[in-house]
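# Observations on the three-dimensional arrangement
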Amino acid sequence: MTHPVYINRIAAFLPGEPVDNEHMEQVLGQVGERPSRARRLVLRRNGIRQRYYVLDPQTGVPRWTNAELTAEAVRGLTGTEVDLADIEVLACGTTMADQLAPGHGVMVHGELGNPGCEVVSLAGICAAGVAALKYAWMSVLSGQHGNAVATGSENASTLMAARNFATENAARVAALEEHPEIAFEKDFLRWMLSDGAGAMLLQDRPNATGLSLRIDWIDIHSYADRLPVCMYAGGDKDADGRFVPWRHYPSLEAALAQSAFALKQDVRLLNDQVVEVSAGHGLRDTLTRHPLSATEIDWFLPHYSSQFFRQPLYDKLAECGLEIPFERWFTNLPEVGNVGSASPYLMLEALFNGAGRLRAGQRVLCYVPESGRFSSAFMHFTVVEA
């Protein structure tokens, strides 16, 4: 026997003050002897106007850990009707925790200090937050728990700081004007990724007053069986394209010398496959289980890393028979940037808590691709009112 599950509260935590495009390099730090020549080209294409960092803008020292960011978002869920002591399940997703071990979830639990509950850590990249939400949903759906909290969070700026990067190859940067996709390998990530956390409270009943989001279904597909690693950290590809993890290097010093821990992107593979696989294959597989019509979708929330992918994504949806007009799309990418596993939480928080946007009976479709080794997630919600 299953029970309907409702998202009754959504909270977001964005650290510090917003950082605009002109001040990014001051916060992240300059790589090499001169300012980045790629920054303006990348930012012109990705459509992001501002973002948030855990780094202190004056010293570059992190002011929050990933666990602390997440705990702040969870605290944002509490109020007169909800207390931290009431949490039965805590499911936390992130790309990279603050430490190799233990898991991210128990570190968040430690920060919160709430009484003992079921805690789980979900790893991945952008889809990690969706995986956490699905775990929380299934915990309540099955009747094992009456509520659950799901989170998605990132503190990418600690990886993007200048101290973690070697000097850019001037010839490659100069080639950006003719081949803009080259920026995606390194500077794309540096000028794109940002920090923040989101949290959702799931319960087995809707809010007594106001709106709730009923979770209708959550689908996650992996296509790692057909494609190699695309976005990664903690290793690198050898001359044959085989992924070599950092623990297989001759020594830790060798891994550090070859920037094995830097976040990397196989840009050619990304551009060739991300829309076709994550949107095309992912949507086709989802539609076999959950038939949808574009006319039935009132809000479409796509997570994409850059406006560069906006039109190709629209075209792929249309090709798959789900041509949703842009006026029904919702994104806050320009305001918060690409926050990885937290991005769907931040989009849903802005839509859910934005006055007058949602009405009872509306249907919301959310799409979250992941280029780590190519995964795709789709989520469907219905707006209900007490």
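Residues numbered from 1 in each chain as written. Predicted model: local features only at pLDDT ≥ 70, side-chain atom pairs only at ≥ 80, totals over all residues. Heavy atoms only, no water.

Once that is clear, we can look at the pairing of strand 4 (residues 89–94). Burial of strand 4 is extensive: 6 of the 6 residues sit out of reach of the surface. Here strand 4 shows a buried face lined by V89, A91 and G93 and a second buried face lined by L90, C92 and T94. The pairing of strand 4 with strand 5 (residues 118–123) spans 6 bridges and is classified as parallel. Bridge pairing in strand 5 places V89 opposite E118. (Buried < 20%, exposed > 50% of the residue type's maximum accessible area, 1.4 Å probe, protein only. Helix = DSSP H or I, 4+ residues; strand = E, 2+ residues; numbered from the N terminus. Pairing = 2+ DSSP bridges.)

This next bit is on the pattern of salt bridges. Two side chains with opposite charge may pair up if their charged atoms get near one another. Scanning the entire structure with this criterion turns up 15 salt bridges. Residues D238 and R242 are paired through a salt bridge, measuring 3.3 Å at the closest nitrogen-oxygen approach. The exposed category is assigned to R242, whose relative accessible area is 54%. The salt bridge partner of E319 is K316, with a shortest N-O separation of 3.2 Å. Here E319 pairs with K316, and both are found in helix 11 (residues 310–319), just 3 residues apart, close to one helical turn. Among the residues examined, K316 registers a relative accessible area of 10% and is labelled buried. (Salt bridge = Lys/Arg side-chain N within 4 Å of Asp/Glu carboxyl O.)

This paragraph deals with the sheet that holds strand 13 (residues 299–302). Here we have 9 strands laid out as an open sheet, ordered 5-4-6-7-1-8-15-14-13, and mixed in their pairing. Looking at the sheet topology across the chains shown, the edges are occupied by strand 5 and strand 13. For this sheet the average axis-to-axis angle between neighbouring strands, irrespective of direction, equals 25°. Lying over the sheet, helix 3 (residues 66–75) contacts strand 1 (6–13), strand 4, strand 6 (147–155) and strand 7 (195–203), oriented at roughly 140° with respect to strand 6. The strands touched by helix 10 (residues 267–289) are strand 8 (211–222), strand 14 (363–370) and strand 15 (375–385); relative to strand 15, the strand with the most contacts, the crossing angle is about 50°. (Axes fitted to C-alpha atoms, helices over the stretch in contact; angles between N-to-C directions. Contact = heavy atoms within 4.5 Å.)

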